[in-house]
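Structural overview
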Amino acid sequence: MISLKPEFAGELNQNGFGPIHLASANGYLEIVKELLMVNRDHCRLKSRDKRTPLHYAAIKGRIEVINELVFCCEDSVEDVTIRGETALHLAVKNNQFEAFRFIVERVRQLNKEDILNKKDQEGNTVVELLLGKDASSTTAVVNAMNKTRRAQELAQSLDQVLENSINEATSEVTITESPLDRLVEFFKFQRGRESPSDARTALLVIAVLIATATYQAGLSPPGGVWQDDGKPPTESSNSNHNASTSSRYSAGLAILSTKDAISFRLFLLFNSAGFYTSLFMIRILTCGFPLRLELEICIWAMGFTYSTAILTITPKSLSGILFNVVIVAVFPIAIPLFAKWWRVLMEKKPWKCLGNRIHFRRRNLS
């Protein structure tokens, strides 16, 4: 198939991986060689998060694949991911120390020692990741790396660190990040890795689920609704019931509104905020879609139905009417305006400006 359609070797699947990425990660050396024979540039083919085949081989510790990739393209050792990580960073973070040793040797042979000084997005060099909390050794090695460019001196500095640190790390691995942090980092949205269509699809599914849940909660509030009209009790046995409810209620009125008006209004407040926000998200995410007019009619009809249900289950007192006006009339308009204002505020970051002013004044006073 590759001989008939060689362009297939450089295409990425829906997850952002190419054939050479998968082959490198799984250690399929012969497949990697065949793909490189089709096009040598595939050794620097970047996935959705800008990882090359060398990065995936370093993560899994595939030394033979690493040797083939570096031999085919020496400059591949300089490639970095979307987080600024080199193959050395990835090897250390995934505890692939044998692969790390091998890449370091190739870096020395290629006279590319400057790669060891590169920092990732978090500001860590490879040596700092190796040593972890050993700050004194880290400073000494980093100074040695910065003061010299000769491969022999750099090799001696690194060998001293590797003998004291890597061997201990292989027997007892030091985890710098908790499992929860790794999980959050894995699933976190990253520009360049996830496509806009994937993000829109995920947000649209979430918005629809929230709209469905809040709509159903509005129609069926906690405790349900009264099934018949209530009358003032006349028997003494119903005195407790009379004390806990209003003197009269009608069918369809929320039971919670007659027993605990404050809790009922808080429920309506936050439930309505979630419902109208989800409708606003659906309108934004479906902008430019076909049958836009029909979709707008459905959204407005759904909002009107929800508002009607809220008006029906709420007591017809003056405070209840005012509360309904706020939810039904103000919320649909206020939520988009608040979202726009919040985005502008986040872009300006006034608290940072305030912090800089305070720091500037303190420095002038001192």
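Up top you'll find the structure we're talking about.
The following paragraphs examine the structure supplied in this document.

Calculation notes
Residues numbered from 1 in each chain as written. Predicted model: local features only at pLDDT ≥ 70, side-chain atom pairs only at ≥ 80, totals over all residues. Heavy atoms only, no water. Phe/Tyr/Trp six-rings, centres within 6.5 Å; stacked < 30°, edge-to-face > 60°. Helix = DSSP H or I, 4+ residues; strand = E, 2+ residues; numbered from the N terminus. Buried < 20%, exposed > 50% of the residue type's maximum accessible area, 1.4 Å probe, protein only. Lys NZ or Arg CZ within 6 Å of the ring centre and 35° of its normal. Arc of directions from axis to C-beta. Contact = heavy atoms within 4.5 Å. Salt bridge = Lys/Arg side-chain N within 4 Å of Asp/Glu carboxyl O.

1. Looking at the packing of aromatic side chains
On inspection of all chains with the given rule, the structure shows 9 aromatic pairs. Summarising the aromatic geometry, the rings of F17 and Y56 are spaced 5.8 Å apart at their centres and angled 75° between planes, so their arrangement reads as edge-to-face. Placement of F17 in the segment before helix 1 (19-26) and of Y56 in helix 3 (residues 53-60) is noted, with a sequence separation of 39 residues between them. When its relative accessible area of 29% is taken as the criterion, F17 is described as partly exposed. Where F338 meets W341, the ring centres are 5.8 Å apart and the plane angle is 40°; that geometry is what we call tilted. Here F338 and its partner W341 are both found in helix 16 (residues 318-348), 3 residues apart, which amounts to about one turn of the helix. Among the aromatic residues, those joined into a ring-pair cluster are Y215, F275, Y276 and Y306. Seen from the ring of F323, R265 lies directly overhead, with NZ or CZ sitting 6.0 Å from the centre.

2. A short note on helix 2 (residues 29-38)
L29, V32, L35 and L36 are the residues of helix 2 that are buried. Along the long axis of helix 2, the arc covered by the buried residues comes to 125°, so they all point the same way. Looking at helix 2, the residues exposed on the side facing more than 90 degrees away from the buried face are E30 and M37. Residues of helix 2 that are buried make contact with helix 1 and helix 4 (63-72).

3. Some points on the pattern of salt bridges
Side-chain pairs of opposite charge can arise whenever the charged atoms involved come near each other. Under the defined criterion, the tally for this structure stands at 10 salt bridges. Notably, a salt bridge pairs D49 with R51, separated by 3.5 Å at the nearest N-O pair. One continuous salt-bridge network, built from bridges that share partners, spans D75, E78 and K112.

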